[in-house]
Amino acid sequence: MPGQGKRRRRQEAARQRSAARTAPDAGRWTVVLETTDQAELRTELRRLQEARVDASLIRIDTLCVRPVERSTYRLSRFVADTSTETAGAGRSEERPAPVQPFPG
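Residue numbers restart at each chain and count upward from 1, following the sequence in its written direction. Owing to the predicted nature of the model, reporting of local features is limited to residues with pLDDT of at least 70; listing and counting of side-chain atom pairs is limited to 80 or more, with chain, interface and lining totals taken over all residues. Note: side-chain values were computed over all heavy atoms of the structure, leaving out hydrogens and water.

**Some thoughts on the packing of aromatic side chains**
For Phe, Tyr and Trp, where Trp contributes only its six-membered ring, two rings pair if their centres lie within 6.5 Å, and the inter-plane angle classes them as stacked under 30 degrees, edge-to-face over 60, or tilted in between. Inspection of the entire model under this criterion finds one aromatic pair. Only lysine NZ and arginine CZ atoms are considered, and such an atom sits over a ring when it is within 6 Å of the ring centre and within 35 degrees of the ring normal. Lying across the ring of Trp29, Arg59 places its NZ or CZ 4.5 Å from the centre.

What follows is the structure, given as structure tokens:
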């Protein structure tokens with residue numbers, strides 16, 4: 001089919017970008033909600049979308065058990081590790097102001 005190779009390359013590039021953004025050294029996944037109620041999961045997901053959280057940084061895991069009604073849903077959000085990015089930048093701002101001698 002025409003264009004199929006181009007589409008596959010574009011999709012693969014998007015997967016690689018997503019994997020690089022959520023790499024273990026870039027941050028961590030934090031659990032936002034763990035529930036057995038699908039309505040509660042949808043409500044929390046809607047709240048995150050309204051807060052303009054990037055959809056590629058949200059993950060839903062389904063922990064299945066028998067019977068299916070007892071399945072647990074885990075909503076996680078990727079939090080970037082900011083300690084490595086701001087380690088050098090924050091120090092210049094934390095310097096105390098120079099001490100001014102008293103006049104006279």
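**Focus: the side chain of Thr35**
Considering the arrangement of structural elements, one finds Thr35 in strand β1 (residues 27-35). Polar contacts here mean pairs of N or O atoms no more than 3.5 Å apart (in protein, one a potential hydrogen donor and the other a potential acceptor; neighbouring residues in sequence count only if both atoms are side-chain atoms). Reaching out from Thr35, the side chain makes a polar contact with the backbone nitrogen of Asp37 at a distance of 3.0 Å. Residues in contact with Thr35, not counting those within four places in the same chain, are Glu40, Leu41, Ser71, Thr72 and Tyr73. Under the DSSP-based scheme used, a helix requires at least four consecutive residues in state H or I and a strand at least two consecutive residues in state E, with every element numbered from the N terminus. Residue contacts follow a heavy-atom distance rule, with two residues in contact if any of their heavy atoms lie within 4.5 Å.

**Topic: the nonpolar core**
Grouped together as the largest cluster of nonpolar side chains are seven residues: Leu33, Leu41, Leu48, Val53, Ile58, Tyr73 and Leu75. Residues within four places of Val53 in sequence aside, it is in contact with Leu48, Ile58 and Arg77. The set of buried Ala, Val, Leu, Ile, Met, Phe, Trp, Tyr and Cys residues whose side-chain atoms join them within 4.5 Å is what this entry labels a nonpolar core. Only protein chains enter the accessibility calculation, which uses a 1.4 Å probe; a residue whose area is less than 20% of its type maximum is buried, one above 50% is exposed, and one in between is partly exposed.

**Section: the side chain of Glu44**
Tracing the backbone through its elements, the reader meets Glu44 in helix α2 (residues 38-50). Filtering out sequence-adjacent residues up to four positions away, Glu44 remains in contact with Val32, Leu33 and Leu75.

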